[in-house]
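Coordinate inspection notes
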Amino acid sequence: MIHQMNRELLIDSLQNEDIEKFRNEFLELHPYDQASFFKELDEINREKIYHYLSPEEMATLFENLEIDDNDYKDVLAEMNPNYAADMISKMYVDDAVDVLNELEKDQVVSYLTIMDKEAAQEIKELLHYEEYTAGSIMTTDFVSISANQTVRSAMYILKNEAPKAETIYYIYVLDEYKRLAGVISLRDLIVNDDDTMISEITNDRIVSVSVGEDQEEVARKIKDYNFLALPVVDFQNHLLGIITVDDVMDVMEEEASDDYSKLAAVSDMDTIDRSPFSAARKRLPWLIILLFLGMMTASLIGRFEDTLNKVAILAVFIPLIAGMAGNTGTQALAVAVRGIATGDLEKENKWKLILREAGTGLITGAICGILVAIIIFFWQGNIFLGILVGISILCTLIVATLAGALIPLIMHKFKIDPAVASGPFITTINDLISILIYFGMATIFMSYLIK
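A few points on the structure. Quick caveat: nothing in here was measured; it's all calculated off a predicted structure.

All right, on to the nonpolar core then. With 55 residues, the main nonpolar core has Met58, Phe62, Leu76 and Met79 as its most contacted residues. The residues contacting Leu76, other than those within four sequence positions of it, are Phe62, Ala84, Met87, Ile88, Val99, Leu103 and Tyr111.

With that settled, consider the sheet that holds strand S2 (residues 170-174). The pairing of strands in a sheet happens through backbone hydrogen bonds and is either parallel or antiparallel. With respect to topology, three strands assemble into an open sheet ordered S1-S2-S3, the strand pairing being mixed. Of all strands in the sheet, those with a lone pairing partner are strand S1 (144-146) and strand S3 (180-185), marking the two edges. Each neighbouring strand pair of the sheet contributes to a mean axis angle of 35 degrees, computed without reference to strand direction.

Another point: helix H15 (residues 215-225). Counting along an α-helix, one turn takes 3.6 residues, and residues three or four places apart therefore face a common direction. Those residues of H15 that sit buried are Gln215, Val218, Ala219, Arg220 and Ile222. The N-cap of H15, judged by a side-chain oxygen 2.8 Å from the amide nitrogen of Glu216 a few residues on, is Asp214. A positive backbone phi angle near 55 degrees is found at Asn226, which sits one or two residues after H15.

A negative phi angle is the norm for most residues apart from glycine, just as the trans form is the norm for most peptide bonds. Positive phi, normally seen in glycine, also occurs at Tyr132, with a value near 70 degrees. Even without being a glycine, Lys178 presents a positive backbone phi close to 65 degrees. Looking at where Lys178 falls in the secondary structure, it is placed in the loop between S2 and S3.

Now for the pattern of salt bridges. Under the defined criterion, the tally for this structure stands at 12 salt bridges. Glu217 is the salt-bridge partner of Arg220, the closest N and O atoms lying 2.7 Å from each other. Here the residue Arg220 and the residue Glu217 both occupy positions in helix H15, the gap between them amounting to three residues, near one helical turn. Classification of Arg220 as buried rests on a relative accessible area of 15%. Residue Glu217 is classed as partly exposed on the basis of its relative accessible area of 27%. One salt bridge connects Lys223 with Asp224, and the closest N-O pair in it is separated by 3.6 Å.

Summarising burial for S3: five of the six residues are buried, a large majority. Pairing of S2 with S3 involves five bridges; the strand directions are antiparallel. Bridge pairing in S3 places Tyr170 opposite Ser185. Connecting S2 to the next strand, S3, in antiparallel fashion are five residues, including Lys178 with a positive phi near 65 degrees.

Tracing the backbone through its elements, the reader meets Thr196 in the loop between helix H13 (186-191) and helix H14 (198-201). Look past the residues within four positions of Thr196 in its chain and what remains in contact with it is Gln149, Thr150, Val151 and Ile201.

Moving on to the sheet that holds strand S5 (residues 229-233). Spatially, S4-S5-S6 is the arrangement adopted by the three strands of the open sheet, whose pairing is mixed. Sheet topology places strand S4 (209-210) and strand S6 (239-244) at the edges, where each strand pairs with a single neighbour. In this structure, S4 lies alongside S5, joined through two bridges in parallel fashion. What sits directly across from Ser210, in S5, is Val233.

Parameters and conventions
- Residues numbered from 1 in each chain as written.
- Predicted model: local features only at pLDDT ≥ 70, side-chain atom pairs only at ≥ 80, totals over all residues.
- Heavy atoms only, no water.
- Core = buried A, V, L, I, M, F, W, Y, C linked by side-chain atoms within 4.5 Å.
- Buried < 20%, exposed > 50% of the residue type's maximum accessible area, 1.4 Å probe, protein only.
- Contact = heavy atoms within 4.5 Å.
- Pairing = 2+ DSSP bridges.
- Helix = DSSP H or I, 4+ residues; strand = E, 2+ residues; numbered from the N terminus.
- Axes fitted to C-alpha atoms, helices over the stretch in contact; angles between N-to-C directions.
- Polar contact = N/O pair within 3.5 Å; in protein donor to acceptor, adjacent residues only side chain to side chain.
- Salt bridge = Lys/Arg side-chain N within 4 Å of Asp/Glu carboxyl O.

Here you go:
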């Protein structure tokens, strides 16, 4: 965090247009703090910074800038086009691609046209990969060496390539056909003699990902193996790029935000809408679907109107049973979606999960059913009403728990994002099921309920 005194000095130097004082103070800050300070400024002061910093210095700041996707367009529009293009070319390739992916196609073409040709070519190579795949988040700024060279020559290459490489802790070894043959660490180079052949110290047990692999699976692999970087290869095992742990952290945050949004039946929750109309437009599709499902619930209750007329007290317990079904279904849903997202369910037999959730529903349903039956008996003085509600809760919790676990598993089987089985969706479905069970049981118990 920027100290208040530093912030005041920076603001003062901007207002007084003291370039030297500003640069001395600003460039001492960590890039994250530079980006945080930049975000706080108005457009007038931001334009001063574009004149005070070189494109390369601005690139470092921009790589750490955390703003809404649409705001990238606004910030770039403030810059001179040549300055913006030069800045993007100085960024790490994967970060540059992330920025360009938020722009219109004609803007991207414009920047690539006036950009340094070598940088533009590297960026173009990554831009054509499908979004949310390994190819779209990898960088081509890595160090590779040949298996048939010495540690001395490898160190020479490393020293030359290090300034523009995103990481130098892993050095990738290629065979004569430019295929990935192994990997060595920086430590391996340092501790071995200069005349040692690279082939003698290469680790050929490589974990890599395909260029088309989903970014969520990439993040899981890096987490499981505790790597700092992961190589990306094509179908012939040619090394195309690497994905570093900092990029994976961004992916994990993005995926978590996306899943949470879907669980809440809200889209694009990672941004805060400035307009209520925009927020309403995003939420309405789900709400309309849930509205119609709610109407089905109301219609179902209407079919049991005669039952309600005969025993009006039944209406009192509708919210209780529906609420219990929704709560337990959402809990089971959260367990299933998390298991799928973390990959735990790939290692575990899915039938074990289903049986476990069924058992959980049986135990919780039995305990809650017995408790509510006792309470209703002492409250209403009607043992049969207590038994009816108790059995309804038992059956409802078993079915709702199974539904919460099964629906995301089925969706995952058919390659549909299981997070779409959102909390509100499961809750509404379980409302329908619980009402059907409750009034079905009430019809059976009718002769005992009417005094």
